[in-house]
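Residues per chain are reported as follows:
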Amino acid sequence: MSHTMSFSGDEPDPASLPAAEAVLNALPLPVLTIGPDERILRVNHAAELFFDASAKVMQRGRLRDIIPFASPIIALVAEVRRRRSSVAEYRVELIQPRSGAERSVDVFATPLRDEDDSVVLMLQERTIADKMNRQFTHRGAARSMIALGAMLAHEIKNPLAGIRGAAQLLELDREDEDRVLTRLICDESDRIVRIVERMELFGEERPVERGPVNVHGVLDQVKRSAQSGFARHIRFIENYDPSLPPVLGNRDQLIQVILNLVKNAAEAIGTDTVEGEITLSTAFRTGLRLQVPGSRERVSLPIEVAVRDNGPGIPPDMLSDLFDPFVTTKAQGSGLGLALVAKIVGDHGGIVECDPVPRRTAFRILLPMSSARDGRESAAER
């Protein structure tokens, strides 16, 4: 549910409009000027990025071309015209007609001048703040598995070994039709052991050596491994920022994270899909800083690594719990892969989130940059 508030605002000085326009283009928040006939008169650079369209394209259309007709933002603009005062509305769900992407935004609207009905809209996406809050929840859920994983490893693996051994002994004296059952006991015992072993990874509390890691080297190794095995039928697309600095992390753990995401993407696409695609991308994002819980330290997370696929997507009702243990969309899945991803990324001081759109899924990881004095990764990390 959204919350609305009103406040008064001063009129801009027309003489200062050229300077104001330069300031608006420098703002990281999307700003649009809407004319009295709902035509889009002006947009700043951030709005072009937000709506994934150029200023020329948007200025040829109306507000409802980029915002659904039933959106509260349309009513908000009408309310500003009626009140002749500024209005703000928080947590508005915005579905973009062009891409189908759903975003949660805070909307600020104000009349431009008294002599016409033009309205200035400013949008502030809540995604990053909400993602960080959810990430803290994901970390807590993953860490809650530490004691459980250690207990299960001790209490389950030993009796399972006995059950498997007994089944193998029974198999020696049985007919072929009975051996199917003993083989089933062995196979299911092995499957439970594999699940328990994966849960043991949650109990790893020992300090892990971290240093500068070339994330492109990590992605290349995962891609080669995937193409030689479970993803040999899938086309890989690489969209890398070649100037990306090294990540501060552990190479083996980062390989495990990306491999989990790529394997999930391949399984979502399926083996029967002819035009399956997985896109691996990197980018440098400035301006995002995360406060470390329990301290005043703020860590920058400028390095983005994304894994996207063109599979069927994730059901909306699973998104909020996707990184919790035992939550899975796969019939034979354990639901521990993404929980482990959340733990490892959290241990690196980063955040991970899923950005779903219809018929497409993207997992984005934001990580800290290495602060090596020479600014380069070591040769061993390449």
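What counts and what doesn't
Residues numbered from 1 in each chain as written. Predicted model: local features only at pLDDT ≥ 70, side-chain atom pairs only at ≥ 80, totals over all residues. Heavy atoms only, no water. Helix = DSSP H or I, 4+ residues; strand = E, 2+ residues; numbered from the N terminus. Buried < 20%, exposed > 50% of the residue type's maximum accessible area, 1.4 Å probe, protein only. Contact = heavy atoms within 4.5 Å. Areas by Shrake-Rupley, 256 points an atom, 1.4 Å probe, with all protein chains shown as cover. pLDDT = per-residue confidence, 0-100. Expected span 1.5 Å × (residues − 1). Polar contact = N/O pair within 3.5 Å; in protein donor to acceptor, adjacent residues only side chain to side chain. Pairing = 2+ DSSP bridges. Patch = residues over 30% accessible without salt bridge, like charges linked within 9 Å, V, L, I, M, F, W, Y side chains within 5 Å. Salt bridge = Lys/Arg side-chain N within 4 Å of Asp/Glu carboxyl O.

Engineer: Teacher, can you tell me more about the overall build of the chain here?
Structural biologist: A count of helical and extended segments in the chain gives 11 helices and 15 strands. When burial is assessed residue by residue, the chain has 43% of its 382 residues classed as buried. Here the contacts in the chain between residues at least 6 apart in sequence split such that 65% fall between residues at least 24 apart. Surface summary for the chain: the accessible area is close to 20,800 Å², and the carbon and sulfur share equals 53%.

Engineer: Please clarify how the confidence of the model for the chain should be interpreted in this entry.
Structural biologist: Atomic detail in the predicted coordinates should be set aside for any region of low pLDDT. Here the chain shows a mean pLDDT of 76. Residues at 70 or above account for 69%. This stretch, residues 1-12, has a pLDDT under 50; its non-local contacts, to residues over four places away or in other chains, come to 24 contacts. Counted against residues more than four places away or in other chains, residues 373-382, with its pLDDT under 50, gives 13 contacts.

Engineer: What exactly am I supposed to notice about helix H9 (residues 215-227) here?
Structural biologist: When the terminal C-alpha atoms of H9 are compared, their 18 Å separation across 13 residues agrees well with the 18 Å that a helix rising 1.5 Å per residue should span. Those residues of H9 that fall on the buried side of the exposure criterion are Val215, His216, Gly217, Val218, Leu219, Val222, Lys223 and Ala226. Residues of H9 that are buried in the fold lie against strand S7 (211-213), strand S8 (235-239), strand S9 (247-249), helix H10 (251-269), strand S10 (277-284) and strand S13 (303-309). Backbone nitrogen of His216 and a side-chain oxygen of the N-cap are separated by 3.0 Å at the start of H9; the cap is Asn214.

Engineer: Even after reading the chapter, I still don't get the environment of Ile95, so can you show me in this structure?
Structural biologist: With respect to the helices, strands and loops of the structure, Ile95 is situated in strand S4 (residues 86-95). Considered as a pair, Ile95 and Ile66 are 29 residues apart in the sequence and their alpha carbons are 9.0 Å apart.

Engineer: So what exactly am I meant to see when it comes to the pairing of strand S5 (residues 102-111) here?
Structural biologist: Working note: regular strand, side chains alternate between the two faces of the sheet. Burial runs high along S5: 7 of the 10 residues are buried. Bridge analysis of S4 against S5 gives 7 bridges, and the strand direction is antiparallel. When the sheet's bridge partners are listed, Val92 is paired in S5 with Val105. Pairing between S5 and strand S6 (residues 119-125): 7 bridges, direction antiparallel. Each bridged residue has a counterpart across the sheet, and for Asp106 the counterpart in S6 is Gln124.

Engineer: Looking at this structure, how should I read a nonpolar patch on the surface?
Structural biologist: On the surface, a cluster of nonpolar side chains totalling about 220 Å² of accessible area is made up of Val23, Leu24 and Leu27. You can see Leu24 is positioned in helix H1 (residues 17-26).

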